[in-house]
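Understanding the architecture of this molecule
Here is how the chains run, residue by residue.
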Amino acid sequence: MTHRGTAWRLGDHVDTDVIIPARYLVTVDPKVLAAHCFEDLDPTLASRIRPGDIIVAGENFGQGSSREHAPIAIKGLGVACVIARSYARIFFRNAFNIGLPLFECRDLPDVTETGDVLVVDAGTGRIVNETKGTTHQAAPLPEFMRRLVAAGGIIEYVRQQVASGQLRREGAGGHGPAGGA
Amino acid sequence: MTTTEKILAAHADLPRVRPGDLIEARVDFCFANDITAPLAIREFEKTGVGTVFDPDRVALVPDHYAPNKDIASAEQCKVMREFARRHQLPHYFEVGRAGIAHVLLAEQGFVLPGEVFVGADSHTCNHGALGAFATGVGSSDLAAVMATGRLWFRVPETLRFVFRGRPAPWVTGKDLVLRIIGDIGVDGARYCAMEFAGEALRHLTMDERFSITNMAVEAGGKNGIMEPDDVVLDWVRPRARRPFTPVFADPDAEYARVVEYDTSRLEPVVSAPSSPGNVVPVREAAGVPVDQVFIGTCTNGRLEDLRVAARLLAGRTVHPRTRMLVIPATPAIYRQALEEGLVKIFLDAGAVVSASTCGPCIGGHMGVLAAGEVCVSTSSRNFVGRMGHRESRVYLSGPAVAAASAVLGRLAHPDEVLGKTAAGVGR
């Protein structure tokens, strides 16, 4: 399963406030959120990103707030995936939960510029920058996260457990005293 | 094991966990706010589970856009309110009884030492000051917790920060955590637990301790945590809603890194625009003209923060070119500030004192900045556009620096207002 798309190169520490400013968090509509995506980074960016394009960024992409609206806004633009050197942890979980694929790759961002054409193999994590003629390898996901992705995110994972009668669930008042050994 | 590892192991029914382990743990308490709850509720409905795992262990708090700023935010609060009614959730907080969730839930004894606490809000790490494992998640993860009472975690490595000595005058908990973020960077603790320890903590009030764990996320941390010493236990026992068992690190706990600070040699700092990691001593930034000063938020909207600010403002006025907002984080703090005469000091100085809300911190409502404006804020984030126009600029500080800056109309060290003979914060 490979995807070919055009790169948009962003910097380090892109935070969720510039991905989707809080003033727009009065809706959960992906189209409305997408229209304001990256607005405080570059007010014209959302209108220039095309479905199938790929975001390439540096360290700590998605730092800051826990707003799931951030990956929803990026997905709402039709962005195929994000490739960054590293991700902030809440953004990382949120993106997988809403079905926005993320790849962690140390060296691809070094050579990639906006406009480069990338080919991403989601199965193997192999990424080719066709414009620069370079090949890169994304870090593999932990096994448990691969199962979550295969299920379609945490909600689908829970739904499947409910449907199959295998849901493991805590009961009301069933915790007893917290902590302890 | 470290404190964090022991809490997670106990909640996963495992004798031992190690950093990097993926575990599924029981969650003792969870919450969402008016921005994250509508999404979480939509995702919760999709699971087909029907009821929340335990209505007594779920809180819903309208704090971001409440009191509602417009029709859209009113609709979001309505979604949350109606869900709470439908599921008979006892811990929905209506406007007037609601405050900033992190401050409110700790104040009312919902978060306890040794517990696992999850919130759909990144500053949930706030509660680690109580010796709990507390971490922020997105709406879908929170929906899964509401459905099952469980969530998966990767066990984090622990970085240990040891505060030595007695903090120098005007060095508050906020200055300590900003110093760390400045030193290790905004991703210096990425995916890690940040454990704070050392005898200097004995000199900090609980309010100051919360400011430290609150900002663990600004260094990329999964959680911030402190051992529940007797300061914590004295604070939490009268409030606790459930029995609890404090958890302490093993003597042979392994830390990925240990960093020590001599707090007697530190000085008040600010995070200059536009990153919490852009930390400089306030003396180096002093002089920058300030349009707005904001004292409030889950980081620094507690009673002790208001007391420190009032000490600087008593008998003085806010500079003519500056406007000042004070937002007590909860109704109880507001009431206490009123009874102690702090609200009168703020009003006499020309500040506005408002109902509890996150509002200005996220550029949401009240105190939104125009292009080119500068704000000194006791909040936790100063990213581009965070408090308003993308060309506005935010300096993060503790309450003393913020109040001094309000008096002088420019970024200022508290000594510039009270003189060097003042004892600093009240310890």
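Because the structure is predicted, anything quoted here is derived from the model rather than measured. (Residues numbered from 1 in each chain as written. Chains lettered and ligands numbered in written order. Predicted model: local features only at pLDDT ≥ 70, side-chain atom pairs only at ≥ 80, totals over all residues.)

Now for the overall build of chain B. In terms of regular secondary structure, chain B is built from 15 helices and 19 strands. Relative to the 2.2 N^0.38 estimate, which gives 22 Å for 427 residues, the radius of gyration of chain B is 20 Å and therefore close to what a compact globule would have. Along the longest, intermediate and shortest principal axes, the C-alpha atoms of chain B span 55 × 55 × 40 Å. Within chain B, the fraction of its 427 residues that count as buried is 65%. In chain B, the proportion of contacts linking residues at least 24 apart, taken out of those at least 6 apart, comes to 77%. (Helix = DSSP H or I, 4+ residues; strand = E, 2+ residues; numbered from the N terminus. Rg over C-alpha atoms; globule rule 2.2 N^0.38 Å. Buried ≥ 20, exposed ≤ 12 C-beta atoms within 10 Å, placed from the backbone. Contact = placed C-beta atoms within 7 Å.)

To continue, consider the overall build of chain A. A count of helices and strands for chain A gives eight helices and eight strands. Reported as C-alpha extents along the three principal axes, the dimensions of chain A are approximately 60 × 40 × 30 Å. Taken across its 181 residues, chain A has 48% of its residues classed as buried. Of the contacts made within chain A by residues no fewer than 6 positions apart, 66% connect residues no fewer than 24 positions apart.

For the rest of this paragraph, the subject is the packing of helix α11 (residues 303-313) of chain B against helix α14 (residues 399-408) of chain B. Residue and element names in this part refer to chain B. Following both chains from N to C, one finds α11 and α14 inclined at 30 degrees, their axes separated by 8 Å at the closest point. Comparing the axis directions of α11 and α14 gives the class roughly parallel. Handedness of the α11/α14 crossing: right-handed. Residues Asp305, Val308, Ala309, Leu312 and Leu313 of α11 touch α14, and the partners they reach there are Pro399, Ala400, Ala402, Ala403, Ala404 and Val407. Considering only residue class, the contact of α11 with α14 consists of ten nonpolar, no polar and one charged. (Axes fitted to C-alpha atoms, helices over the stretch in contact; angles between N-to-C directions. Parallel < 35°, antiparallel > 145°, perpendicular 65-115°, else oblique. Left-handed = near helix turned anticlockwise from the far one by under 90°. Nonpolar A, V, L, I, M, F, W, Y, C, P; charged D, E, K, R; others polar.)

This part covers the interface of chain A and chain B. At the junction of the two partners, chain A supplies 50 residues and chain B supplies 66 residues. Tallied by class, the residues present in the side of chain A that touches chain B amount to 21 nonpolar, 16 polar and 13 charged.

A word on helix α5 (residues 89-98) of chain A. For an α-helix the count is 3.6 residues per turn, leaving residues at separations of three or four pointing the same way. Residues and elements named next belong to chain A. Burial within α5 is extensive, with ten of its ten residues counted as buried. Taken together, the buried positions of α5 are occupied by Arg89, Ile90, Phe91, Phe92, Arg93, Asn94, Ala95, Phe96, Asn97 and Ile98. A positive backbone phi angle near 85 degrees is found at Gly99, which sits one or two residues after α5.

Turning to the sheet that holds strand β7 (residues 134-137) of chain A, a few remarks are in order. All names here are of chain A. Taken in spatial order, the seven strands line up as β4-β3-β2-β1-β5-β6-β7 in an open sheet, and their pairing is mixed. Edge strands, defined here as strands with exactly one partner in the open sheet, are β4 (102-104) and β7. Ignoring which end each strand starts from, the neighbouring axes of this sheet average 30 degrees apart. Relative to strand β5 (residues 117-121), strand β1 (residues 2-9) is paired through five bridges, and the arrangement is antiparallel. Note that in β5 the partner of Gly5 across the bridge is Leu118. (Pairing = 2+ DSSP bridges.)

Another point: the domain arrangement of chain B. By convention, interface size is frequently given as the accessible area that disappears when the constituent parts associate. Residues and elements named next belong to chain B. Taken domain by domain, chain B holds domain 1 (3-242 + 254-261) and domain 2 (271-413). Here domain 1 and domain 2 have C-alpha centroids that lie 24 Å from each other. With 35 residues of domain 1 at the interface, the matching set in domain 2 holds 31 residues. Taken together, the elements giving at least two residues each to the side of domain 1 that touches domain 2 come down to α4 (101-107), α6 (173-184) and α7 (206-214). Take the side of domain 1 that touches domain 2: its biggest share by element is six residues, from α6. (Domains from an automatic or database assignment.)

With that out of the way, let us pick up the environment of Gly385 of chain B. As for its position among the elements, Gly385 of chain B is in the loop between β18 (374-377) and β19 (393-396). Apart from residues lying up to four places away in sequence, Gly385 of chain B is in contact with Asp17, Val18, Pro21 and Asp40 of chain A together with Gly363 and Arg390 of chain B.

Moving on, we get to unusual backbone geometry. Ala66 of chain B connects to Pro67 of chain B through a cis peptide bond whose omega is -10 degrees. At the junction of Pro273 of chain B and Ser274 of chain B, the peptide bond is cis and its omega measures out at -5 degrees in the coordinates. Phi at Phe38 of chain A takes a positive value of approximately 60 degrees, unusual for a residue other than glycine. Tracing the chain through its elements places Phe38 of chain A in the loop between α2 (30-35) and α3 (45-48). Phi at Trp170 of chain B is positive, roughly 70 degrees, even though this residue is not glycine. Position of Trp170 of chain B among the secondary structure elements: in the loop between β8 (158-164) and α6.

Let us now look at the environment of Leu112 of chain B. All names here are of chain B. If you trace the backbone, Leu112 turns up in the loop between α4 and β5 (116-120). You can call Leu112 buried: it has 28 C-beta atoms within 10 Å. In this structure the C-alpha to C-alpha distance between Leu112 and Ala59, which are 53 residues apart in sequence, comes to 15 Å.

With that out of the way, let us pick up the sheet that holds strand β10 (residues 223-226) of chain B. Residues and elements named next belong to chain B. Ordered in space as β10-β9-β8-β12, the four strands form an open sheet in which the pairing is parallel. Either end of the sheet is taken by a strand with one partner, and the two such strands are β10 and β12 (257-262). Between one strand axis and the next, the sheet turns by 20 degrees as a mean value, whatever way the strands run. Bridging between β8 and strand β9 (residues 193-197) involves five bridges; their strand directions are parallel. For Val162, the partnering residue across the bridge sits in β9 and is Ala197. Against the sheet, α7 makes contact with β9 and β10, and its axis sits at roughly 145 degrees relative to β10, the strand it touches most.

Counting residues in each nonpolar core, the largest one holds 206 residues, and the members touching the most others are Val82 of chain A together with Met146 of chain B. Top element by residues in this core is α14 of chain B. It accounts for eight residues. Both domain 1 (3-242 + 254-261) and domain 2 (271-413) of chain B contribute no fewer than three residues apiece to this core. Not counting residues up to four positions away in its chain, the partners in contact with Val82 of chain A are Ile55, Ala57, Phe61, Ile74, Leu100 and Leu102 of chain A. (Core = buried A, V, L, I, M, F, W, Y, C linked by C-beta atoms within 7 Å.)

Below, the discussion takes up α11 of chain B. All names here are of chain B. Of all eleven residues that make up α11, ten are buried, and the element is covered over most of its length. Three or more residues of α11 are buried, namely Leu303, Glu304, Asp305, Leu306, Val308, Ala309, Ala310, Arg311, Leu312 and Leu313. Downstream of α11 by one or two residues, Gly315 has phi in the positive range, about 75 degrees.

Moving on: the confidence of the model for chain B. Taken as a whole, chain B shows an average pLDDT of 97; of its residues, 99% reach a score of 70 or greater. At the level of chain-chain contacts, confidence expressed as ipTM amounts to 0.96, with global pTM at 0.96. (pLDDT = per-residue confidence, 0-100.)

A separate point is the pairing of β5 of chain A. Residue and element names in this part refer to chain A. Because side chains alternate across β5, one face comprises the buried residues Leu118 and Val120, and the other comprises Val117, Val119 and Asp121, none of which is buried. In this structure, β5 lies alongside strand β6 (residues 126-129), joined through four bridges in antiparallel fashion. Among the inter-strand pairings, Val120 is bridged to a residue of β6, identified as Ile127. In this structure, the hairpin formed by β5 and β6 is closed by a connection of four residues, where Gly125 is found at a positive phi of approximately 80 degrees.

Let us look at the environment of Leu266 of chain B. All names here are of chain B. The topology assignment puts Leu266 in the loop between β12 and β13 (269-271). In this structure, the C-alpha to C-alpha distance between Leu266 and Arg241, residues 25 residues apart in sequence, is 38 Å. Sequence-distant contacts of Leu266, that is, excluding residues within four places in its chain, are made with Pro167, Ala168, Val171, Asp175, Arg179 and Tyr261.

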